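Chain and residue survey
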Amino acid sequence: MLITVLKPKENIEAVAKGKTFCITCEGCKEVHFPEVEAIELVKELNPTGNVITEYVCNPDNLKVQLAKHMDKLTAADTVLVFSCGVGVQTVSDNFRDKKVYAACDTYPLPGGQGVTPLEFDCEQCGECYLNGTGGICPITACSKSLVNGQCGGCKDGKCEVDKEMDCGWERIYKRLEKLGLLDEMRYPAKLRNFNLMYEENK
Amino acid sequence: MKISELFKKGEMVITAEVGPPKGCHPDHLIHEADEFLKGVTAINVTDSQSSKMRMGSLATCKGLKDAGHEAIFQLTCRDRNRIALQADLLSAAYFGIENLLLLTGDHPSVGDNPQAKPVFDLDSVSLLHAVGQLEKGVDLGGNELEGAPPTFCKGAVVSACSDSVDVQLAKMEQKVKAGAEYFQTQAVYDSEKFIKFMERAKQFGVPVMLGLIIPKNAGMVNYMSKNVPGISVPEAIVDELKADKERTASGVTGVEITARIIKECKDYCQGIHIMALGWEKFVPDVLKMAGLKA
């Protein structure tokens, strides 16, 4: 899952120079997209061409959707894409002689593909720790992604990085304590295998 | 000399902490160490403490060692992945630095280069494990080292007065299992809390050094109490610092408070670690007043 957020307006205006052609992706089930705000902004930019479609990341679909707009697109100075980073790269790759710009920033929003975003994150680390941590993920609930317990940065149950954020390991400890599973904390040093995150078939 | 040897002999080990300069001239630090820290067993050198970028701990340790001081190399997981950490450990061994203090490290976002990438490939526990592996002659990848493996005295930290003391004790146990040979605590201002902590920590049978920060004024301790994890300062100490501002500014009150905490706690711990934060000149006074040095 991922979430796209519009870049600051001044940043978008700074790149949308000359004749601008806008491509807005309505997204897919895996993306939370700022649909209303994007349409609003496109209107303000007064582009020479505008296409609202879905699955910009699919090159075949992209070509079909743009077929009848090719004149305007060819004449445009810049192409502004409202989509996730994958969509922007797909457009850029298909129109290599065009200045293609991203109108959005893309943030990861893990939680399993195709489901409603929840407050829980999964970094898809390839070695799930949940079974030993009372169902609270140490990778995403701890700002340092520590896998061997609490650091010295917890004060009043909060994280040193963000006073609003609960210390993940404090939560894990309390959950395990409640479940009578504190022995789960007594394991030999764990080391993450970051190589798993780069393997295709993790 | 490994400080673990002294713990084994039952000696009260005294260390002092110094922070490398924000620059490449540690002369002043070494001069202060010569002047004020001759009475301590070893000097513990911070690794860009509080995520504020400084000259490196390893090079500063080497400078201190060359000047005749025993150095403790602080190493955090904040900025280096396991390759760099292991490489620095081998470099330390090459320089003859035998004492380590291994920490997870603060998050970069709390420091003076908040844009930095937080690494945390390892953490304090897995770093202790990594040192143990190097001592066995293999790296974390399972590859053999050439020649005789390094040997170290492996230290770790614990927050004795943390509001999460149960969670801290669980972590302490993990560090003991991973090979910690001594512990240094976060600054203690509440002797009672420390003694209670030690009653629970003694089960691990690993020496604990009482951590102390000489209080400079009421504002400083109030700030730490409110903002620094693991530090809580009793009201009585704040009042004591407020009572006579001139006396406090001259360092006398801070020295008295620090010496008193040492006296109250020394029978419950195996060492004293003073974080002077620029007040190194008062370290001899503290030790004298606490009855630790003539």
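Residues numbered from 1 in each chain as written. Chains lettered and ligands numbered in written order. Predicted model: local features only at pLDDT ≥ 70, side-chain atom pairs only at ≥ 80, totals over all residues.

Here we come to the overall build of chain B. For chain B, the helix and strand inventory stands at twelve helices and eight strands. Against the 2.2 N^0.38 benchmark of 19 Å for 294 residues, chain B shows a C-alpha radius of gyration of 18 Å, consistent with a compact globule. Dimensions of chain B, computed from the C-alpha atoms along their principal axes, are close to 60 × 45 × 45 Å. Each of the 294 residues in chain B was classed as buried or not, and the buried ones make up 52%. Pairs at least 24 residues apart make up 77% of the contacts formed inside chain B by residues separated by at least 6 positions. (Helix = DSSP H or I, 4+ residues; strand = E, 2+ residues; numbered from the N terminus. Rg over C-alpha atoms; globule rule 2.2 N^0.38 Å. Buried ≥ 20, exposed ≤ 12 C-beta atoms within 10 Å, placed from the backbone. Contact = placed C-beta atoms within 7 Å.)

Take the interface of chain B and chain A next. Opposite the 30 residues of chain B that make contact, chain A presents 25 residues. Listed by contribution, the elements that provide at least two residues to the side of chain B that touches chain A are helix 5 (124–135) and helix 6 (165–177) of chain B. Class assignment of the residues belonging to the side of chain B that touches chain A gives a composition of twelve nonpolar, eleven polar and seven charged. (Nonpolar A, V, L, I, M, F, W, Y, C, P; charged D, E, K, R; others polar.)

For the rest of this paragraph, the subject is helix 6 of chain B. Residues and elements named next belong to chain B. Compared with an ideal rise of 1.5 Å per residue, which puts 13 residues at 18 Å, helix 6 spans 18 Å between its outermost C-alpha atoms and is within 8% of the ideal. For helix 6, the full list of buried residues reads Val167, Gln168, Lys171, Met172, Gln174 and Lys175. Taken end-on, helix 6 shows its buried residues confined to a sector of 160°, consistent with a single buried face. At the C-terminal side of helix 6, Gly179 shows a positive phi close to 115°. (Expected span 1.5 Å × (residues − 1). Arc of directions from axis to C-beta.)

A few words now on the nonpolar core. Residues B:Ile43, B:Phe73, B:Phe183, B:Val188 and B:Leu212 are the most contacted members of the largest nonpolar core, which totals 106 residues. Aside from chain neighbours lying at most four places away, what touches B:Phe183 is B:Gly155, B:Ala156, B:Val157, B:Val158, B:Met172, B:Val206, B:Val208 and B:Met209. By size, the runner-up hydrophobic cluster in this structure holds 28 residues, among which are A:Cys25, A:Val79, A:Val100 and A:Ala103. (Core = buried A, V, L, I, M, F, W, Y, C linked by C-beta atoms within 7 Å.)

A word on the packing of helix 7 (residues 191–201) of chain B against helix 11 (residues 252–265) of chain B. Residues and elements named next belong to chain B. Closest axis-to-axis distance for the helix 7/helix 11 pair is 10 Å, and the angle between their directions is 30°. Considered as vectors, helix 7 and helix 11 are oriented roughly parallel to each other. Our pair here, helix 7 against helix 11, has a crossing hand that is right-handed. On helix 11, the residues that touch Ser191, Phe194 and Ile195 of helix 7 are Ile261, Glu264 and Cys265. For the contact of helix 7 with helix 11, the per-class residue count stands at four nonpolar, one polar and one charged. (Axes fitted to C-alpha atoms, helices over the stretch in contact; angles between N-to-C directions. Parallel < 35°, antiparallel > 145°, perpendicular 65-115°, else oblique. Left-handed = near helix turned anticlockwise from the far one by under 90°.)

Moving on: the environment of A:Leu196. On the secondary structure map, A:Leu196 appears in the segment after helix 7 (168–178). Taking the C-alpha atoms as reference, A:Leu196 lies 5.5 Å from A:Gly126; in sequence the two are 70 residues apart.

Moving on, we get to unusual backbone geometry. All names here are of chain A. Phi at Ser145 is positive, roughly 50°, even though this residue is not glycine. Tracing the sequence through the fold places Ser145 in the loop between helix 6 (138–141) and strand 8 (154–155). Exposure remark for Ser145: the 19 C-beta atoms within 10 Å place this residue in the partly exposed category. Unusually for a residue other than glycine, Asp156 sits at a positive phi of about 50°. Mapped onto the elements of the fold, Asp156 is located in the loop between strand 8 and strand 9 (158–159). According to the C-beta neighbour criterion, Asp156 is exposed, with 11 such atoms within 10 Å.

Bringing the confidence of the model for chain A into the picture now. Residues and elements named next belong to chain A. Taken residue by residue, chain A gives an average pLDDT of 85. The fraction at 70 or more is 88%. Ranking the elements of chain A by mean pLDDT puts strand 3 (residues 31–32) last, at 75, and strand 9 first, at 96. The low-confidence segment residues 113–118, where pLDDT is below 50, has nine contacts with residues more than four positions distant or belonging to other chains. (pLDDT = per-residue confidence, 0-100.)

Time to look at the sheet that holds strand 6 (residues 99–102) of chain A. Residue and element names in this part refer to chain A. Strand order in the open sheet made by the four strands is 4-2-5-6, with parallel pairing throughout. On the outer flanks of this sheet lie strand 4 (49–53) and strand 6, each paired with one strand and no other. Adjacent strand axes in the sheet meet at a mean angle of 20°, parallel and antiparallel pairs treated alike. Both strand 2 (residues 20–25) and strand 4 contribute to a ladder of five bridges, which runs parallel. Bridge pairing in strand 4 links Thr24 to Ile52. Where helix 5 (residues 85–94) meets the sheet, its contacts fall on strand 2, strand 5 (78–82) and strand 6, and the angle it forms with strand 6 comes to roughly 175°. (Pairing = 2+ DSSP bridges.)

Each turn of an α-helix holds 3.6 residues, which means side chains three or four residues apart point in the same direction. Residue and element names in this part refer to chain B. For helix 3 (residues 57–66), every residue scored as buried is listed here: Ser57, Leu58, Thr60, Cys61, Lys62 and Leu64. Buried positions along helix 3 lie against helix 2 (27–36), strand 2 (42–45), strand 3 (71–76) and helix 4 (82–94). Within two residues after helix 3, Gly68 carries a phi angle of roughly 95°, on the positive side.

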